[in-house]
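A structural walkthrough
Chain by chain, the residues run as shown.
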Amino acid sequence: MLLKRSVPLYLLILPSLILLIVFTYIPMYGVTIAFKDYKTGLGIFGSEWVGFKNFTTFFNSYQFWPILRNTLVISIYSIVVMFPLPILVALICSQITSSRYKKFFQVTTYLPHFISTVVMCGMIMLFLSPSSGIIAKLLSFVGIDMPNLMGSASAFPHIYVWTEAWQHIGWDSILYIAALSSIDPTLYEAATIDGANKRHKIFHIDIPSLLPTIMIMLILRMGSVMSVGFEKVYLLQNSLNNATSEIIATYVYKMGLLKSQYSLSAAIGLFNNVINLILLLVFNFISAKISEDSLF
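Residues numbered from 1 in each chain as written. Predicted model: local features only at pLDDT ≥ 70, side-chain atom pairs only at ≥ 80, totals over all residues. Heavy atoms only, no water.

1. Concerning the overall build of the protein
Counting its secondary structure elements, the protein contains 17 helices and 2 strands. A compact globule built from 296 residues would reach a C-alpha radius of gyration of about 19 Å, whereas the protein, at 24 Å, exceeds it by more than 25%. With the principal axes as the frame, the protein shows a C-alpha extent of 80 × 75 × 35 Å. Split into buried and exposed, the 296 residues of the protein put 35% on the buried side. Summarising the internal contacts of the protein: among those between residues at least 6 apart in sequence, 65% fall at separations of at least 24. Entry remark: accessible area of the protein is about 17900 Å², with carbon and sulfur atoms responsible for 70%. If you average the places of the 18 positive and of the 13 negative side-chain charges in the protein, the two averages end up 5 Å apart. (Helix = DSSP H or I, 4+ residues; strand = E, 2+ residues; numbered from the N terminus. Rg over C-alpha atoms; globule rule 2.2 N^0.38 Å. Buried < 20%, exposed > 50% of the residue type's maximum accessible area, 1.4 Å probe, protein only. Contact = heavy atoms within 4.5 Å. Areas by Shrake-Rupley, 256 points an atom, 1.4 Å probe, with all protein chains shown as cover. Lys, Arg positive; Asp, Glu negative; His and termini not counted. Charge placed at Lys NZ, Arg CZ, Asp CG, Glu CD.)

Put into structure tokens, the structure is as follows:
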């Protein structure tokens, strides 16, 4: 009887379910390319099964450790910088009492998020140009020569992470601002009566109220440690900074589409996703044990 009454709801989700199966689950069969010597003429079914040969080839490659190191350095660096900053922006925004200044603050921090990756990379290269960049022009007035940062391997992680932070911290803070807006106002009133100042309210009301959201977002972020953004890294990459800018995503692109080594690129991508899944499960388990906040 209950199932019969729920038929309209099942029919409502049926189109989305079909799309999910067709475009997400059925294509998963293509993962078997990672275990085959894939030939385009033979197709997935006709290509020879080689087991873990493609994985062994990648693990034994001289590029394995540098690529893995670069990916982890940029990813962990991004988490250390970009995870706490949106929380700080949300806390600052919540303390602004003037609605006019609050709107101005939110708009100015949100806008960079809507700049496309291609335009953003073009802006970065223009600003950091040692000959004609805006920063180089300003430094020339005080007699300082602008170094070629885009040609410096050691500078690449810093350029990537801090420009990424400038572009996205405002947008990433929206979730935390929403969480802060749902806090019961009577808590602040009670704290004021007890003599609490703004600092006390932040540390004893705001931050504890944000902790469940923070833990969930941290779990999700840790589940994508190995997934550094491909587009921005590839567009900023050059032969001078390649030592620190070559990551798994760009290597997969070069192996798969530029060198047509489809099986090897599929194996690398599968390895990347498996590591992300393991990290997600591990941190979800740790979070559930420590804070009782978890995805499942």
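Past the structure itself, the notes keep going.
2. Description of the layout of surface pockets
With a probe scaled to a water molecule rolled over the atoms, the places where space remains empty come into view. By volume, the largest pocket is sized at about 330 Å³. Lining the largest pocket are 17 residues, with Ser94, Gln95, Lys102, Tyr188 and Asp206 sitting closest to its centre. Sorting the residues of the lining of the largest pocket by element identifies helix H6 (84-95), helix H7 (99-110), helix H11 (174-181), helix H12 (185-193) and helix H13 (198-222) as the ones contributing at least two each. No other element matches the 4 residues that H6 contributes to the lining of the largest pocket. Per-class residue counts for the lining of the largest pocket are 8 nonpolar, 5 polar and 4 charged. Of the voids in this model, the second largest pocket is the one considered here, and its volume is about 280 Å³. (1 Å grid on protein atoms, 1.4 Å probe; cavity = no way out; pocket = protein on both sides within 12 Å on 5 of 7 lines; lining within 4 Å. Points joined across faces, edges and corners; volume = space filled by probe spheres on them. Nonpolar A, V, L, I, M, F, W, Y, C, P; charged D, E, K, R; others polar.)

3. Some points on the packing of helix H5 (residues 64-82) against H6
One way to put it is that H5 packs onto H6 with a least axis distance of 5 Å and a crossing angle of 15 degrees. Relative to H6, the element H5 is oriented roughly parallel. Mapping the contact onto sequence places Ile79, Val80, Val81 and Met82 in H5 and Pro84, Leu85 and Pro86 in H6. Within the contact of H5 with H6, the residues separate by chemical class into 7 nonpolar, no polar and no charged. (Axes fitted to C-alpha atoms, helices over the stretch in contact; angles between N-to-C directions. Parallel < 35°, antiparallel > 145°, perpendicular 65-115°, else oblique.)

4. What to know about the nonpolar core
Ranked by size, the top nonpolar core spans 22 residues in total, and within it Ile124 and Tyr160 carry the most contacts. Those elements giving two or more residues to this core turn out to be H5, helix H8 (117-127), helix H10 (156-172) and helix H14 (230-236). When residues of this core are assigned to their parent elements, the largest contribution, 6 residues, is made by H10. Other than its neighbours up to four places away in sequence, Tyr160 contacts Ile74, Ser78, Val228, Gly229, Lys232 and Val233. (Core = buried A, V, L, I, M, F, W, Y, C linked by side-chain atoms within 4.5 Å.)

5. Quick notes on the side chain of Lys201
Here Lys201 shows up in helix H13. Within the buried core, Lys201 has no salt-bridge partner, and the shortest N-O distance to an opposite charge, that of Asp206, equals 9.0 Å. Once residues lying within four places of it in the same chain are set aside, the contact partners of Lys201 are Tyr188, Ala191, Thr192, Ala196 and Asp206. (Salt bridge = Lys/Arg side-chain N within 4 Å of Asp/Glu carboxyl O.)

6. A few points about the pattern of salt bridges
Summed over all chains, the structure comprises 3 salt bridges. Lys39 is paired through a salt bridge with Asp37; the nearest N and O atoms lie 3.9 Å apart. Judged by its relative accessible area of 32%, Asp37 falls in the partly exposed class.

7. Brief notes about the packing of H6 against H10
The geometry of H6 relative to H10 is characterised by a closest axis approach of 9 Å and an angle of 45 degrees between their N-to-C directions. Considering their axes alone, H6 and H10 lie oblique with respect to each other. Regarding H6 and H10, the two cross each other, and that crossing is right-handed. Residue-level contacts link Leu85, Pro86 and Val89 of H6 to Trp162, Ala165, Ile169 and Asp172 of H10. Its residues placed into classes, the contact of H6 with H10 shows 6 nonpolar, no polar and 1 charged. (Left-handed = near helix turned anticlockwise from the far one by under 90°.)

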